[in-house]
Amino acid sequence: AKETGRNTYQFYTNSLNALAPELLRLENDLHTALEHGELSIYYQPQLDLTKGKIHAIEALLRWHHPRQGLLYPKHFIDIAEENGLILAIGRWVLQQACRDCHAWQQQGLAGVGVAVNLSARQFLHMNLVEEVSQCLRDAHLAPELLTLEITETTAIHHVQRTQLILQELRALGVGITLDDFGTGYASLNYLKQFPITGLKIDRSFITDIEGDRQDQAIVKAIIDLAKSLEIPIVAEGVETWGQGQLLQHLGCKAIQGYLLTEPLPYSQVIHWSIPRMRL
Ligand code: C2E
Ligand code: CA
Ligand code: CA
Ligand code: CA
């Protein structure tokens, strides 16, 4: 029995050890990623279908890992959330995105704003309002050009605190978009309780929109709701002409997705032009 016990114990430690080093190494590397200049922001434009123009660009974080190559948020955002590095990383993203947005005002993208994703931890632990206004000042960026994207999980347990922070951000002139709309169970509550200035329909409703009548009905309902609340809406993850056409037909005024372009490094975004298409 003793033997079995030890074997069982060994079995568990072995299987944990098989996984842990890789994650530990990644976490370790993440500590120095910022100072080594390995993080960068890729940008993905949002097309205003009524004007045929880009009206904002979303900032999406990337990590150029020295050995593993290009890493996406799914590989490291959870680690950064867990160990708290997300605070320093999030601050850096905000600073860099504001600077880049200021720079592209003079490079053919005047009036085009930037959208920055915020995680729950940033929202609760950063001195967010102070840091946002500092970033805007340092970058000489008009607050109206910055939008923060939050999700339903960002602030679900702290309604009053969230209300206060969002009101202060709104007072600065910054926009607040509710990301991944429709995926949680509190979407409507969020709209009611918080000063939201934009909605993003989650990609999961867009993917099969051409074939799935239920998804079509849900998207239509979200678009109509946003319209009656007078909140601008963006559909994310639009990959095909068919999806874009259908969304336009349903009254959606803005789209983002591979149909236009994958997220691009800054140097490419200023040379990028809207692909010719007739929606
Ligand atoms: P999200 O905010 O929902 O961002 C949209 C994701 O969909 C991005 O993935 C984008 O590259 C991808 N995408 C865009 N168009 C299409 C399309 O047409 N088809 C498909 N299949 N995908 C498309 P990405 O860049 O890997 O980011 C994943 C998530 O990581 C983001 O989801 C966001 O929640 C988070 N994230 C990204 N950057 C940051 C950041 O700076 N801070 C924080 N806290 N989170 C971030
Ligand atoms: Ca987003
Ligand atoms: Ca989203
Ligand atoms: Ca998402």
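All figures in this text were calculated on a predicted structure; none of them were measured in a lab.

This next bit is on the coordination of the calcium ion (ligand 2). Around the calcium ion (ligand 2), the protein supplies Glu58 (OE), Asn117 (OD1), Glu149 (OE) and Asp179 (OD) as donor atoms, at distances of 2.1 to 2.3 Å. Each donor residue of the calcium ion (ligand 2) belongs to the same chain, with the gaps between them written as E-x58-N-x31-E-x29-D. Metal-to-metal, the separation of the calcium ion (ligand 2) and the calcium ion (ligand 3) is 4.0 Å; aspartate 179 coordinates the two. With asparagine 117 in strand S4 (residues 113–117) and aspartate 179 in strand S6 (residues 175–181), this residue pair connects regions lying 62 residues apart in the sequence.

Moving on to the nonpolar core. Tyr43, Leu146 and Leu199 are the most contacted members of the largest nonpolar core, which totals 81 residues. For this core, the element with the highest residue contribution is helix H3 (residues 85–105), accounting for 11 residues.

Counted under the stated rule, the structure contains seven salt bridges. The closest approach of N and O atoms between arginine 67 and aspartate 29, which form a salt bridge, is 3.1 Å. Taken together, the residues arginine 67 in the loop between strand S2 (53–65) and strand S3 (69–71) and aspartate 29 in helix H1 (residues 2–33) connect sequence positions 38 residues apart. Where lysine 220 meets aspartate 224, a salt bridge forms, and the shortest distance between an N and an O atom there is 2.7 Å. Pair noted here: lysine 220 and aspartate 224 are both in helix H9 (residues 213–229), with a separation of four residues, about one helical turn. On the basis of relative accessibility, which here comes to 35%, the residue lysine 220 falls in the partly exposed class. Each of Glu58, Glu149 and Lys200 takes part in salt bridges that share partners, so that together they form one network.

Moving on, we come to the packing of helix H5 (residues 128–139) against helix H6 (residues 159–172). Where H5 contacts H6, the two axes come as close as 10 Å, and the packing angle between them is 20 degrees. As judged from the angle between their axes, H5 and H6 are roughly parallel. Considering the relative orientation of H5 and H6, their crossing is right-handed. Of the residues in H6, those in contact with Leu128, Val129, Val132 and Ser133 of H5 are Ile165, Glu168, Leu169 and Leu172. In the contact of H5 with H6, the residues fall into six nonpolar, one polar and one charged.

In terms of burial, S2 is a largely internal element, 10 of the 13 residues being buried. Looking at chain direction, strand S1 (residues 39–48) and S2 are connected through 10 bridges and run antiparallel. Note that in S2 the partner of aspartate 48 across the bridge is lysine 53. If you look at the hairpin formed by S1 and S2, you'll find four residues sitting between the two strands, and glycine 52 has a positive phi there, around 65 degrees. The pairing of S2 with S4 spans four bridges and is parallel. Bridge pairing in S4 places isoleucine 57 opposite valine 114.

Okay, unusual backbone geometry next. Positive phi values are uncommon outside glycine, yet histidine 140 reaches one of about 55 degrees. Turning to its location among the elements, histidine 140 is positioned in the loop between H5 and strand S5 (146–150). Classification of histidine 140 by relative accessible area gives exposed; the value is 63%.

All right, on to the site of ligand 1 then. Looking at ligand 1, there are 23 residues lining it, with Gln44, Arg62, Asn117, Glu239 and Tyr258 nearest. A distance of 2.5 Å is found between a nitrogen atom of ligand 1 and a side-chain nitrogen or oxygen belonging to glutamate 239. Here ligand 1 has 800 Å² of accessible area as a free molecule, and 82% of this is covered by the chains. Mapped by element, the contributors of at least two residues to the shell around ligand 1 are S2, helix H2 (73–83) and S6. No other element matches S2, which puts four residues into the shell around ligand 1. Of the residues assigned to the shell around ligand 1, the class counts are 10 nonpolar, six polar and seven charged.

Looking now at the confidence of the model for the chain. Considering every residue of the chain, the mean pLDDT works out to 90; 91% of them sit at 70 or more. This model gives residues 1–14 a pLDDT under 50, and the stretch forms zero contacts once residues within four places in sequence are excluded. Interface confidence for the predicted complex, given as ipTM, is 0.97, next to a pTM of 0.92.

Here we come to the coordination of the calcium ion (ligand 4). The protein atoms that coordinate the calcium ion (ligand 4) are Asp180 (OD) and Asp180 (OD), at distances spanning 2.8 to 3.1 Å. The metal-metal distance between the calcium ion (ligand 4) and the calcium ion (ligand 3) is 3.4 Å, with aspartate 180 serving as a donor to both. On the secondary structure map, aspartate 180 appears in strand S6.

Cut-offs applied
Residues numbered from 1 in each chain as written. Chains lettered and ligands numbered in written order. Predicted model: local features only at pLDDT ≥ 70, side-chain atom pairs only at ≥ 80, totals over all residues. Heavy atoms only, no water. Donors = N, O, S within 2.8 Å, 3.2 Å for Na, K, Ca; no water. Helix = DSSP H or I, 4+ residues; strand = E, 2+ residues; numbered from the N terminus. Core = buried A, V, L, I, M, F, W, Y, C linked by side-chain atoms within 4.5 Å. Buried < 20%, exposed > 50% of the residue type's maximum accessible area, 1.4 Å probe, protein only. Salt bridge = Lys/Arg side-chain N within 4 Å of Asp/Glu carboxyl O. Axes fitted to C-alpha atoms, helices over the stretch in contact; angles between N-to-C directions. Parallel < 35°, antiparallel > 145°, perpendicular 65-115°, else oblique. Left-handed = near helix turned anticlockwise from the far one by under 90°. Contact = heavy atoms within 4.5 Å. Nonpolar A, V, L, I, M, F, W, Y, C, P; charged D, E, K, R; others polar. Pairing = 2+ DSSP bridges. Near = heavy atom within 4 Å. Polar contact = N/O pair within 3.5 Å; in protein donor to acceptor, adjacent residues only side chain to side chain. Areas by Shrake-Rupley, 256 points an atom, 1.4 Å probe, with all protein chains shown as cover. pLDDT = per-residue confidence, 0-100.

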